[in-house]
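Here is how the chains run, residue by residue.
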Amino acid sequence: MSCAGPAGASALPRAAAAEGSQQSHEEDDRKVRRREKNRVAAQRSRKKQTQKADKLHEEYESLEQENTSLKREIGKLTDEMKHLSEVLKDHEKICPLLHCTMNFMTIPRPDALTSCLPR
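Residues numbered from 1 in each chain as written. Predicted model: local features only at pLDDT ≥ 70, side-chain atom pairs only at ≥ 80, totals over all residues. Heavy atoms only, no water.

**Q** Describe the pattern of salt bridges, and please don't skip the residues or the numbers.
**A** For the coordinates displayed, the defined rule picks out two salt bridges. Across the pair E36 and R39 runs a salt bridge, and its minimum N-O distance is 2.5 Å. With E36 and R39 both in helix α1 (residues 4-94) and three residues apart, this pair spans about one turn of that helix. Put simply, K93 and D90 hold a salt bridge, and the shortest N to O gap is 4.0 Å. Of the two residues, K93 and D90 are both situated in helix α1; the distance of three residues between them amounts to about one turn of the helix. For D90, a relative accessible area of 43% puts it in the partly exposed group. (Salt bridge = Lys/Arg side-chain N within 4 Å of Asp/Glu carboxyl O. Helix = DSSP H or I, 4+ residues; strand = E, 2+ residues; numbered from the N terminus. Buried < 20%, exposed > 50% of the residue type's maximum accessible area, 1.4 Å probe, protein only.)

This is the structure we're talking about:
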């Protein structure tokens, strides 16, 4: 009995130790899998963030080009407007229709326009 007692007693802690070791090993495996999964998710997140930043940068460059082009067009149109304003001013000085006294009449006459034109 004394032999069975110590042998049985030593087998019990060994089984518990083996079971604890197995649980510890399973927990370690779970931790490793979780870390790997987390690492992959972090990598994916960083890649997505980089792609988003690249897309925003491309959009920024495109808008900058469009802005430059529109400013150039504004400059051209402003120059054209100044030129046409000068042409109009010069024309107003010599336009017979603007200086014709017939234009101030309230009764419309078909020959009013032709009487003011130079011959």
